[in-house]
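Residues per chain are reported as follows:
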Amino acid sequence: MTDAKEELATKVDIADWLSLRAHLERGGVIVVDPLLELVEVGAALAADEVQAVQRWLSSSLLTKPSLEQVKKWDAEKGKIFNCLIVSPYVLIQEPLNP
């Protein structure tokens, strides 16, 4: 599991909303709450850890983007996210403001 996390950690990237929006059309975008670590969520998805993922979903720590969020992000020029692809999903997380 640690190896998977280390490998996923190297795949975390930054992308703008415009680039990510294409994945929204196919339902592949998952918003990760800032309380969670992107790599931890990606590793749980990759390892099919159903209980952890279900817990996050039921706590709304993992969600699909809401219509309000999409409208807000569409209006924000150059909006960026930390992202991690764990096929078929694209996990996105708003960077914490310094």
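Residues numbered from 1 in each chain as written. Predicted model: local features only at pLDDT ≥ 70, side-chain atom pairs only at ≥ 80, totals over all residues. Heavy atoms only, no water.

K.L.:
Looking at this model, I keep getting lost on the packing of aromatic side chains. Mind explaining?
P.N.:
Each aromatic ring pair is specified by the distance between its two centres and by the angle formed by the two planes. Taken as a whole, this structure holds three aromatic pairs when the rule is applied. Note on Trp-73 and Phe-81: the rings are 4.7 Å apart at their centroids and 75° apart in plane angle, and the pair reads as edge-to-face. Accessibility expressed as a relative area gives 2% for Trp-73, which makes it buried. Judged by relative accessible area, Phe-81 falls into the buried class, the value being 0%. Counting every residue linked through ring pairs, the aromatic cluster contains Trp-17, Trp-73 and Phe-81. The ring of Phe-81 carries Lys-79 above its face, with NZ or CZ at 5.3 Å from the centroid. (Phe/Tyr/Trp six-rings, centres within 6.5 Å; stacked < 30°, edge-to-face > 60°. Buried < 20%, exposed > 50% of the residue type's maximum accessible area, 1.4 Å probe, protein only. Lys NZ or Arg CZ within 6 Å of the ring centre and 35° of its normal.)

K.L.:
Explain the nonpolar core to me, please; I cannot follow it from the model alone.
P.N.:
Note on soluble globular proteins: their nonpolar side chains tend to be buried together. With 18 residues, the main nonpolar core has Val-32, Leu-36, Val-41, Trp-56, Leu-62 and Leu-91 as its most contacted residues. Elements supplying a minimum of two residues to this core: β2 (29-32), α3 (38-46), α4 (50-58) and β4 (80-86). At six residues, the largest contribution of residues to this core is made by α3. Leave out the neighbours within four places in its chain, and Leu-62 touches Ile-30, Val-31, Val-32, Leu-36, Val-41, Val-53, Trp-56 and Leu-57. (Core = buried A, V, L, I, M, F, W, Y, C linked by side-chain atoms within 4.5 Å. Helix = DSSP H or I, 4+ residues; strand = E, 2+ residues; numbered from the N terminus. Contact = heavy atoms within 4.5 Å.)

K.L.:
How do you make sense of the side chain of Gln-93 when you look at a structure like this?
P.N.:
By the element assignment, Gln-93 lies in strand β5 (residues 89-93). Separated by 2.9 Å, the side chain of Gln-93 and the backbone oxygen of Asp-33 make a polar contact. Those residues in contact with Gln-93, other than ones at most four positions away along the chain, are Val-32, Asp-33, Pro-34, Leu-36, Leu-38, Phe-81 and Asn-82. (Polar contact = N/O pair within 3.5 Å; in protein donor to acceptor, adjacent residues only side chain to side chain.)

K.L.:
Please explain the pattern of salt bridges as it appears in this structure.
P.N.:
When the charged atoms of two side chains lie near each other, side chains of opposite charge can form a pair. Applying the stated criterion across every chain yields a total of five salt bridges. Linking Arg-21 and Asp-74 is a salt bridge whose minimum nitrogen-to-oxygen distance equals 2.7 Å. Of this pair, Arg-21 sits in helix α2 (residues 17-25) while Asp-74 sits in helix α5 (residues 67-75); the two residues are 53 residues apart in sequence, bridging distant segments of the chain. Connected through salt bridges with shared partners, the residues Arg-21, Glu-25 and Asp-74 form a single ionic network. (Salt bridge = Lys/Arg side-chain N within 4 Å of Asp/Glu carboxyl O.)

K.L.:
Before we go on, may I ask you to explain a negative patch on the surface in this structure?
P.N.:
On the surface, Glu-37, Glu-40, Asp-48 and Glu-49 cluster together to form a negatively charged patch. The class of Glu-40 is partly exposed, set by a relative accessible area of 34%. (Patch = residues over 30% accessible without salt bridge, like charges linked within 9 Å, V, L, I, M, F, W, Y side chains within 5 Å. Areas by Shrake-Rupley, 256 points an atom, 1.4 Å probe, with all protein chains shown as cover. Lys, Arg positive; Asp, Glu negative; His and termini not counted. Charge placed at Lys NZ, Arg CZ, Asp CG, Glu CD.)

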